[in-house]
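Summary of structural features
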Amino acid sequence: MTNHLYNMMMTTKKQSNQQTAFCTEPSTSGGFGIGLDELVQLVKDGGSLEALNRYNGVHGLTTLLKTDLKSGIDPCVDEIQHRRNTFGSNTYPSRKGKRFWCFLWRACKLSHFLVIFLAQVILSLLRVNTKGIFDGWYVEACIILAILLYIIVRAIIEYKQSRQFEILRKEKRNVHLEVIRSGRRFLVSNYDIVVGDIVPLKNGGQVPADGVLFVANSLIVDEQEITGSDEYVQKDLQRNPFLLSGSKLIDGIGTMLVTSVGMNTAWGFKMEIPQETDEEKPFQGYLKWLAISASWSFVLFASVACSVRLGRYFSGWTKKSDGTPMFIYGITTADEATEFVITSLSFGIATIVVAVPFGLSIAVRLNLAKTTRKMMTDKLLVQSLSAFERMGSVTTILCHQTGILTLNQMSVVDVWAGGMRMQDMDNVSQLPPFLKELIIEGIAQNTNGSVVFETGVTEPELYGSPTEQAILSFGNKLGMKFNHARSASLVRHTIPFSPKKKYGGVALQIGAHAHAHWKGSAKTILSSCERYMDGANNPRGIDDEKRKFFEGTIEEMCNKGLRCAALAYQPCELESLPTTIKEPRNLVLLAIIGIKDPCRPGTRDAIQLCNSGSVKVCMVMDYDVLTAQAIAIECGILTDASGRNIRTGAQFRELTDPQREQIAGDILVFAQSSPDDNLLLVQALKKRGHIVAATGMGIHDPKTLREAHVSLAMGVGGTAAAKENSDIIILDDNFATIVKCIIWSRSLYTNVQRSILFRLTVSVSALAICVVEVVVYDAFPLNVVQFLWLNLVIDILGALALAYRPSSGHHLMGKPPVGIRDPLITKAMWSKLIIQVIYLVLSLVLINSEKLLKLKHGHTGNAEKVMNTFVFNSLVFCLVFNEFEIRSVDQTFKQILRENMFLVTITSTIISQIIVIELAGFLSSSTRLDLKKWVTTSLLGLLSQVANRYPYPVNQYYRN
């Protein structure tokens, strides 16, 4: 690409950045010795060594960028903002959320609404043609208004849910990492990285910006998303020191100088704004099927009712108040017949609007929006709604131990060194001077962490992984001066710690001598040791008896739940210093270290809660079996030390597929396991019918996460790769938060069931009453406006009353999980529905019988109107008490009275009903009722709750 073409592209990109306002348009000068275009071109297309050499390498770049490889840039706000204005900010464009009118248009496109709307418009035109524009206008207006209200409410809910997920996506992209500024390590957001920053890198992380390496130890990166290459890339300082933003760090360590950020990086050039996908959730799929099935049934019954009504009319069976037929062929005018037909069809359409459960989707969306918003306060970030809905069906949780079941706050509590066993760290200063010097030398040089002493502060700040911090703290207690120890020797080679091999090393030049220090798993290091350092600073040979002693010491530490590490060294000549291809051998054991990682407070209770809910917790870890067993007992996963439910990764790997499936469900502790072993365990559990949730933290966990039904990444200790491949991010890395996620999912499930039961009860009841009235009594008990008012009560106020339901942890975790393929409508729900419909139909018979209820409906002129108003009022009160019955299935009356939203919606419904009957009767064709009738309708509603409860005492109905 020519320079002219490249400059044109850069100009276009800058204009695009300015239009979209993702970052401030950068300047090419700003007082620095190199401009933005030159920095971008330096790393573009894989990097140019020739261009880097022209600037005298990384050291020349640091001069031009006014930074320092050791101390970094000045952390003051003005300096950071100046660099951001000059070279751009480390932000990327995100997908613009849809505007409200897009959701409004999508709601309008629903086919059933179009059909109903069109039919009502045609009926309105016919009415205007026969009766005039102002005669009965409010009937059609109310139907159209009800449809428009439903469309607007649905659009508002979907719009708010979309905005909420935009906020969650921004939270997910906000990753914190370490940078070096003014010689100190700061934890900053990746958005705050600027050109000139010095960024330490380690395996499992992600490269936050384009840059150049100046420290690299066996650094391997995955550039697949940027370059498309399927192979990992080895980075070194001589041949390939360039790092691309978005690359994932597979192995090794390094430190980079940031040269480009944001839209000026390789990732920014290739970034495509993600498009929103309308993923159909499990609940929505089921409700869609339910709505379609119910719609056809209700349309059929409404059509039958209208046909019977019209058949009676045109056959002369329908009578006037004086007993004469309403329709007489040749005498009844066309306008009168047309008016009757229009009234009957309007009734049929209104019945369909009320009966067809269109509002179920509103109830589900209300529940989802409310639940996911509340979950953020519980440190849960939902990335996949489908997986969240499945979380309530999980039967097995595959959970890592470090940082989830434990605090990930490690400390050295037990040490063997120099022939002494020390469990009080204040006594470590008693070690011989030469031995202490060797241990300090190994700790200071063989680490990815650092120790920073602040002026006026007695305790230093420790940086690095929790294990590194624990060992560095142990070094400080030995009297380590970190900076002095680091400068006392020259690092010739580094062998980064490998989780697979469980050790790491460093080769040092000390004057004319050389040492190779090793650190790793105690058993692994001990197997490579031929000698040990005694209390007199003399290396002694390890015979069989002494080896058994060391193995017993390690086993004793493991039995106490300690993570055992060992420090060893190897004196050697300069020319024979080990390289990355060498393995430790003929080592001198310096110390065996027991590291404690305490169990998180509340973990034991959370695991017991899982067990009560038939959810098995399987702990996976790469530790020794004895350590794993001790931690599992402390956390409450195991009840004894029999070892029946413990397997190692190697043991499981050697089994055949059927054998794995046979024992997978019995494993509670999976020790010494690799990510590949965890993947095999998930596959075996799935084949046995388990619904599996798996946690992930490392760079190698995505395969396991993708295989599990629900994948959980850790927000604090998790890598970028794990978070990208997860369905839910646990922001505080706490196992108790995972249990909260199960509770929220089960709460969502039961809330959706409540909404379904309420909606179907109203639909079937309203339809049954109307069909019975038309067929038996040849009358419409409810008019169109009353039907539409019921629709408002059901779909809006009813959804609000049943959606805002707080989760009840102990109650919901007291039963086994619902099967992932179990129907939402259970046998008990069907029974309650049938009983409610029978009760309402029988109540209708009583109301229509003056002899049974002995209600004086008034004079002959308004008796029918009073009776219809009484039927309408009774139905509304039955619905109100039905909401109480549904809510009280797993709640006491006191608990219900504490729920403000439920009480507000119920109170609003009752007050609105009183207004509709007493003050707005002219709109609903209702008449006022006396106190006796109000009391009677209330009692009918109360008795409907008693009728529903009689065969089914208080119990959960989310199980068949």
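Below: a short report on this structure. What you see as residue numbers is a count from 1 along each chain, following the sequence as written. Whole-chain, interface and lining totals are the exception, using all residues; otherwise, since this is a predicted model, local features are given only for residues with pLDDT of at least 70 and side-chain atom pairs are given and counted only at 80 or more. Based on all heavy atoms of the structure, the side-chain values leave hydrogens and waters out of the count.

Topic: the overall build of the protein
In terms of helices and strands, the protein carries 37 helices and 26 strands. Residue exposure (1.4 Å probe, protein chains only): buried if accessible area is under 20% of the type maximum, exposed if over 50%, otherwise partly exposed. Here the protein holds 960 residues, and the buried ones make up 53% of them. Across the protein, every contact between residues at least 6 apart in sequence was considered, and the portion connecting residues at least 24 apart equals 73%. Summed over its atoms, the accessible surface of the protein is roughly 42,300 Å², and 57% of this surface lies on carbon and sulfur atoms. The helix count covers DSSP runs of H or I at least four residues long, the strand count covers runs of E at least two residues long, and both are numbered beginning at the N terminus. Between two residues, a contact is recorded if the distance between any of their heavy atoms is within 4.5 Å. For the accessible areas, the method is Shrake-Rupley and the probe is 1.4 Å, while residue cover comes only from the protein chains on display.

Comments concerning the pattern of salt bridges
Each reported salt bridge corresponds to a side-chain nitrogen of Lys or Arg within 4 Å of a carboxyl oxygen of Asp or Glu. In total, this model carries 22 salt bridges according to the counting rule given. Of the charged contacts in the structure, one is a salt bridge between D197 and R181, with a shortest N-O distance of 2.7 Å. On the criterion of sequence distance, the pair formed by D197 in the loop between strand 2 (184-189) and strand 3 (198-202) and R181 in strand 1 (residues 176-181) is long-range, its members being 16 residues apart. Here the two residues D197 and R181 agree in accessibility, since each one is buried.

A few points about the nonpolar core
If you look at the biggest cluster of nonpolar residues, it comprises 145 residues, and the most contacted ones within it are I439, F474 and F735. Looking at this core, the element that brings in the most residues is helix 28 (residues 735-777), giving 22 residues. In contact with F474, not counting residues within four places along its chain, are V412, V415, M425, V428, I439, I443 and I593. Grouped together as the second largest cluster of nonpolar side chains are 42 residues, Y55, I180, V195 and F242 included. Residues enter a nonpolar core if they are buried and are Ala, Val, Leu, Ile, Met, Phe, Trp, Tyr or Cys, with the set joined through side-chain atoms within 4.5 Å.

Here we look at the packing of helix 21 (residues 603-612) against helix 22 (residues 625-635)
Packed helix pairs are characterised by how far apart their axes lie and by the angle those axes make with each other. Axis geometry follows a simple rule: fit a line to the C-alpha atoms, using only the stretch in contact for helices, then measure angles between N-to-C directions, giving values from 0 to 180 degrees. Packing of helix 21 against helix 22 leaves a shortest axis separation of 8 Å and a crossing angle of 80°. Put simply, helix 21 runs roughly perpendicular to helix 22. Seen from helix 21, the contacting residues are T603, R604 and I607; seen from helix 22, they are I633, E634 and C635. Residue polarity follows a fixed list, in which Ala, Val, Leu, Ile, Met, Phe, Trp, Tyr, Cys and Pro are nonpolar, Asp, Glu, Lys and Arg are charged, and the others, Gly among them, are polar. A class-by-class count of the residues in the contact of helix 21 with helix 22 yields three nonpolar, one polar and two charged. Here is the rule for angles: anything less than 35 degrees is roughly parallel, anything more than 145 is roughly antiparallel, 65 through 115 is roughly perpendicular, and the remaining ranges are oblique.

Some points on the pairing of strand 16 (residues 513-521)
For strand 16, the buried fraction is high: seven of the nine residues fall into the buried class. As defined by bridge partners, strand 15 (residues 503-510) adjoins strand 16 across eight bridges and the pair is classed as antiparallel. Of the residues in strand 16, the one forming a bridge with L508 is H515. When DSSP locates at least two bridges between a pair of strands, those strands are taken to pair.

Examining helix 20 (residues 544-559)
In a regular helix each residue adds 1.5 Å, so 16 residues correspond to 22 Å; helix 20 covers 22 Å between its end C-alpha atoms and thus fits that length. Where helix 20 is concerned, the buried positions are F550, T553, I554, M557 and C558. One side of helix 20 carries all its buried residues, which in axial view fall inside an arc of 135°. For helix 20, the exposed residues set more than 90 degrees away from the buried face come down to D544, E545 and K548. Working rule for helices: expected span equals 1.5 Å times residues minus one. Directions drawn from the helix axis to the C-beta atoms are what define this arc.

Focus on the sheet that holds strand 26 (residues 728-730)
The strand order 8-26-25-24-9-21-23-22 describes an open sheet built from eight strands, whose pairing is mixed. Single-partner strands in this sheet number two, and they are strand 8 (380-382) and strand 22 (646-648). The average angle at which neighbouring strand axes cross in this sheet is 20°, direction not considered. Relative to the sheet, helix 25 (residues 675-687) contacts strand 9 (396-400), strand 21 (616-620), strand 23 (669-671) and strand 24 (692-696), its axis offset from that of strand 9 by approximately 175°.

Some details on a nonpolar patch on the surface
For patch building, the residue pool is restricted to those with more than 30% relative accessible area and no salt bridge; the joining distance is 9 Å between like charges and 5 Å between nonpolar side chains (Val, Leu, Ile, Met, Phe, Trp, Tyr). Side chains of F100, L148, I152 and I156 sit close together on the surface and give an oily, nonpolar patch of about 300 Å² of accessible area. Element by element, the count of residues in the nonpolar patch is highest for helix 8 (residues 137-173), at three residues. In this structure, I152 sits in helix 8.

Looking at the packing of aromatic side chains
Side-chain rings of Phe, Tyr and Trp, where Trp is taken by its six-membered ring, are said to pair if the distance between their centres is within 6.5 Å; with planes under 30 degrees apart they count as stacked, over 60 as edge-to-face, and otherwise as tilted. Applying the stated criterion to the full structure yields nine aromatic pairs. A centroid spacing of 5.7 Å and a plane angle of 70° characterise the contact between Y503 and W518, whose relative ring orientation is edge-to-face. Of this pair, Y503 sits in strand 15 while W518 is found in strand 16, placing the two residues 15 residues apart along the sequence. Residue classification places Y503 among the buried residues on the basis of a relative accessible area of 7%. On the basis of relative accessible area, W518 is assigned to the buried category, the value being 1%. An aromatic cluster is defined as three or more aromatic residues linked by ring pairs; in this entry it consists of W416, Y532, F549 and F550. Over a ring means this: the NZ of a Lys or the CZ of an Arg is within 6 Å of the ring centre and within 35 degrees of the ring normal. The ring of F32 has K66 lying over it, and the distance from NZ or CZ to the ring centre is 5.6 Å. The lysine or arginine in question, K546, covers the ring of F549, its NZ or CZ lying 4.7 Å from the ring centre.

A word on unusual backbone geometry
A positive phi angle, close to 60°, is found at N408, a residue other than glycine. Locating N408 in the fold gives a position in the loop between helix 15 (401-405) and strand 10 (411-417). In the Ramachandran plot, D733 falls in the positive-phi region, its phi being about 60° despite a non-glycine side chain. You can see D733 is positioned in the loop between strand 26 and helix 28. According to the relative accessible area criterion, D733 is buried, its value standing at 4%.

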